[in-house]
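Listed here are the chains, written in short residue letters.
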Amino acid sequence: MLGIVVFLLAADQFLFTGMLSRPLAACTLIGAACGNLQAGLMAGGAIEMLLAGADESIRILDRRNYVFASAAAVILTATAGLDAQAAAGFAPVLIAAGTGLNHQLSIVNISLLPSARNAAETRNEKKLAVTHFLPLLIAAAVSAVIAVLMQNAVSANAENIVLMAEKYEWVYKALCMAGSLMPCVGFAVLLRNLSVKDMKGAFWAGAAAGSMITAAISPAAALVICAGAAFGAAAYDYHQAVKDETPMKTQKGGGQKWW
């Protein structure tokens, strides 16, 4: 079950919604696969806050790196019984490790470039699709295998991991502290990006509205109302942006080619 979930999440960047691979969703699903949904939610929330406002153009923030870090954090929490904050404290290191793995897997992409170029020149759609999706499926399969091996290794050495955490308590506490500081870092980066995009007013207006609604009704109802308002604003902004785009040029008869 864990291997299947990690495979689908690693392929999410190109095949599905593109949002399932975010730590909050990924950790929750991985936690369910490991039989500990609460551990997945806790680890996912801590990692997500670190990446909430991060610039995804940075290479290290590739979506498969999210999945790699999410799987490792949840396995350490659900299987070894470590604190979710401590496991989330490993996240930057695990994301960097996932980046190294992706760089190794990029060799597959490079080896298929001549075939992809030839397929594009000859308009061979089937061959072009194979050269595009094959590296993706290989990378997703490798991620799934690593997650399963990691779970087996952690399960077999759970007691040793706990003893190691007790022996090096100062390291364990440092990781807990790093995990607890992640929300602060995430909000700081988010505020930085909002200031660049001239959205400070909208952010503080939303925070004030959320506080007032929470004071008037229950926090759960306030969360639903604020989330609905945010979704509505985002949907409106998206549709306005689509209307403003230049229409795609069509071929004779109105047909469009995806390339």
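Scroll up to find the structure this text is about.
Residues numbered from 1 in each chain as written. Predicted model: local features only at pLDDT ≥ 70, side-chain atom pairs only at ≥ 80, totals over all residues. Heavy atoms only, no water.

Peer 1: Explanation requested: the overall build of the protein chain in the structure shown.
Peer 2: Helix and strand content of the protein chain: twelve helices and zero strands. Pairs at least 24 apart in sequence give 70% of the contacts found in the protein chain among residues at least 6 apart. Surface summary for the protein chain: the accessible area is close to 15400 Å², and the carbon and sulfur share equals 67%. (Helix = DSSP H or I, 4+ residues; strand = E, 2+ residues; numbered from the N terminus. Contact = heavy atoms within 4.5 Å. Areas by Shrake-Rupley, 256 points an atom, 1.4 Å probe, with all protein chains shown as cover.)

Peer 1: Help me understand helix 8 (residues 125-156) in this model?
Peer 2: In an α-helix, one full turn covers 3.6 residues, which means residues spaced three or four apart are oriented alike. Helix length check: helix 8 (32 residues) gives 47 Å between terminal C-alpha atoms against 46 Å at 1.5 Å per residue, within 8%. Maximal helix bending in helix 8 amounts to about 30 degrees, located at Phe133; proline Pro135 follows within four positions. All of the buried residues in helix 8 are Leu128, Thr131, Pro135, Leu136, Ala139, Ala140, Ser143, Ala144, Ala147 and Val154. (Expected span 1.5 Å × (residues − 1). Bend = angle between axes of the 7 residues up to and from the residue. Buried < 20%, exposed > 50% of the residue type's maximum accessible area, 1.4 Å probe, protein only.)

Peer 1: Where do I start with the side chain of Thr28 in this structure?
Peer 2: Along the chain, the position of Thr28 falls in helix 3 (residues 23-33). Given the relative accessible area of 19%, Thr28 is considered buried. Ignoring sequence-local partners within four residues, the contact set of Thr28 consists of Pro23, Leu37, Gly40 and Leu41.

Peer 1: Is there a simple way to explain the environment of Ser180 in this structure?
Peer 2: Inspection of the secondary structure assignment puts Ser180 in helix 10 (residues 169-196). When the C-alpha atoms of Ser180 and Ile47 are compared, they prove to be 9.9 Å apart, with 133 residues separating the residues in sequence.

Peer 1: Could you clarify how one ought to interpret the side chain of Ser70 in this entry?
Peer 2: Inspection of the secondary structure assignment puts Ser70 in helix 5 (residues 63-78). Not counting the four nearest positions on each side in its chain, Ser70 is found in contact with Pro23, Ala26, Cys27, Ile30 and Ile47.

Peer 1: I tried to follow a nonpolar patch on the surface on my own but got confused; where do I start?
Peer 2: Residues Ile4, Leu8, Leu15, Phe16, Leu20, Leu29, Phe133 and Leu137 make up a contiguous nonpolar surface patch of roughly 660 Å² in combined accessible area. Of all elements in the fold, only helix 1 (2-10) and helix 8 reach the threshold of two or more residues within the nonpolar patch. With respect to the element layout, Ile4 can be found in helix 1. (Patch = residues over 30% accessible without salt bridge, like charges linked within 9 Å, V, L, I, M, F, W, Y side chains within 5 Å. Salt bridge = Lys/Arg side-chain N within 4 Å of Asp/Glu carboxyl O.)

Peer 1: How should unusual backbone geometry be read in this particular structure?
Peer 2: Of all residues except glycine, most have a negative phi; of all peptide bonds, most are trans. With a phi close to 55 degrees, Arg123 is a non-glycine residue in the positive phi region. Residue position: Arg123 is located in the loop between helix 7 (91-121) and helix 8. Here Arg123 falls in the exposed class, since its relative accessible area comes to 57%.

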